[in-house]
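# Overview (structure and organization)
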Amino acid sequence: MHASHTAPATMGRRLFVGAALGLGTAILASCAVDPNSPSSPTGAPSPSATPSATPAAATSSTPTPTVTPASGSTAAAVMSRQEAVATFAGRPAGAFGLEVKGIALGLPEQAKGAALTLDACGGPHGEGFDAVLIKALRKHQVPATLFINQRWAKVNTALVEDLAADPLFEIANHGTSHAPLASRGQAAYKIPGTASIAAAYDEVMGNQHYLAERFGIEARFFRSGTAHMDELSAKMVRELGLIPMNFTVNLDAGATFPAATVTAQAAGMGRGDVGIGHFNRPNSGTGKGVAAALPRLLEALDSKGLALIKLSDAF
Ligand SMILES: [Zn+2]
């Protein structure tokens, strides 16, 4: 009924490919040391308790058939919140982390290049825009996948429209409240994850629906706040028709690396790599660092017949 047994066949292979690539992931997690966390100074136990865009989904029948992807690469109908709870609640959470089963890290084996994935986290100190970074991508005509959190989208609507309209960029889903995606409230860097399947569903689909309804964006990839997930949540994301996407190269460690380090990280990217950085922190080293790396990175890839590509070009 849920078309639920189609995803696992590819899951293991993707994970294996990513794991084989070399793994800068151990260095530091994406939004880890980033103050753009969903936690408030009040220490609210669960950021997911904040009502998301879809509380009504709990009781009404699936309210947003418009989200059904047209690409054919995902399930025919998006699982409702009720169905997700019925399917996943009570099942073992599995491991929790950056590289757990079900999360894609690198690109599929046949990919002809590497991918830049850049997050916009939102939140009290995370609502900025790194114009230097985006300008550099446009100058060099470098495609990128932009993971946008709902908090950032809501205060930067004109920018989202502008970025979504640019064929260079693909918009992806970086969550609703920027919580780690978990089924039992597991925390990453002391940031509590979603505490139930229902909350995890809202964390994914709140922003998924918002991007679709407000901007006409059908995101195909999901990355949680802090990039941490448990296996059960990752499986749910797949069943929702999205690919849980992390990374193999940490470009900026939550926008904390100096520009020179960002440059070195980016310049070292090779075939199949997925680099993670941030485009919401204009005062970080990310924009300058990536801009400095692009000419040599592009040349190095080009010499091997490779290029920088969007995630959708590879999956
Ligand atoms: Zn983030």
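Shown above is the structure to which this text applies.
Residues numbered from 1 in each chain as written. Predicted model: local features only at pLDDT ≥ 70, side-chain atom pairs only at ≥ 80, totals over all residues.

For the pair helix 8 (residues 259-267) and helix 9 (residues 286-303), interaxial distance at closest approach is 7 Å and the crossing angle is 35 degrees. For the crossing formed where helix 8 meets helix 9, the hand is right-handed. In this structure, helix 8 contributes A259, A260, T261, V262, T263, A266 and A267 to the contact, and helix 9 contributes T286, K288, G289, V290, A292, A293, R296 and L297. Considered class by class, the residues forming the contact of helix 8 with helix 9 number nine nonpolar, four polar and two charged. (Axes fitted to C-alpha atoms, helices over the stretch in contact; angles between N-to-C directions. Helix = DSSP H or I, 4+ residues; strand = E, 2+ residues; numbered from the N terminus. Left-handed = near helix turned anticlockwise from the far one by under 90°. Contact = placed C-beta atoms within 7 Å. Nonpolar A, V, L, I, M, F, W, Y, C, P; charged D, E, K, R; others polar.)

Below, the discussion takes up the environment of A199. Summarising the element assignment, A199 is placed in helix 6 (residues 197-215). Residues A199 and V85, spaced 114 residues apart in sequence, show a C-alpha to C-alpha distance of 9.6 Å.

The next thing to look at is unusual backbone geometry. Phi at H178 takes a positive value of approximately 70 degrees, unusual for a residue other than glycine. Residue position: H178 is located in the loop between strand 4 (169-173) and strand 5 (187-188). With 28 C-beta atoms packed within 10 Å, H178 lands in the buried category. The backbone phi angle of T226 is positive, close to 70 degrees, even though this residue is not glycine. By secondary structure assignment, the location of T226 is in the loop between strand 7 (221-222) and strand 8 (229-230). Taking the C-beta count within 10 Å as the criterion, T226 has 27 such neighbours and is therefore assigned buried. (Buried ≥ 20, exposed ≤ 12 C-beta atoms within 10 Å, placed from the backbone.)

A word on the environment of A114. Structurally, the position occupied by A114 is in strand 2 (residues 113-120). Classification of A114 as buried rests on a count of 26 C-beta atoms within 10 Å. For the pair A114 and A144, spaced 30 residues apart in the sequence, the C-alpha separation amounts to 10.0 Å. Excluding residues within four positions of it along the chain, A114 makes contact with M269, G270, R271, G272, D273, G275, L301, L306 and L308.

With that settled, consider the packing of helix 3 (residues 131-139) against helix 9. Put simply, helix 3 and helix 9 touch, their axes get as near as 7 Å, and they point 20 degrees apart. Accordingly, the angle class assigned to the pair helix 3 and helix 9 is roughly parallel. Here helix 3 runs over helix 9; the crossing is left-handed. Residues V132, L133 and A136 of helix 3 form the contact with helix 9, whose participating residues are T286, G287, K288, V290, A291 and L294. When its residues are assigned to classes, the contact of helix 3 with helix 9 shows six nonpolar, two polar and one charged. (Parallel < 35°, antiparallel > 145°, perpendicular 65-115°, else oblique.)

In this model helix 9 runs 25 Å from its N-terminal to its C-terminal C-alpha over 18 residues, within 8% of the 26 Å that 1.5 Å per residue would give. At L294, helix 9 shows its strongest bend, of approximately 40 degrees, with the proline P295 following within four residues. Elements that come into contact with the buried residues of helix 9 comprise strand 2, helix 3, helix 8, strand 11 (274-278) and strand 12 (307-308). (Expected span 1.5 Å × (residues − 1). Bend = angle between axes of the 7 residues up to and from the residue.)

Burial analysis of strand 3 (residues 144-148) places five of its five residues in the buried class, the great majority of the element. Neither face of strand 3 is left uncovered, since the one carrying A144, L146 and I148 and the one carrying T145 and F147 both have all their residues buried. Two elements, strand 2 and strand 3, share four bridges in a ladder whose sense is parallel. Residue pairing in the sheet places A120 in a bridge with I148 of strand 3. Handedness of the β-α-β unit built from strand 2, helix 3 and strand 3 comes out right-handed. Looking at chain direction, strand 3 and strand 4 are connected through five bridges and run parallel. Bridging from a neighbouring strand, A144 pairs with F169 of strand 4. (Pairing = 2+ DSSP bridges. Right-handed = clockwise from strand over helix to strand, strands pointing away.)

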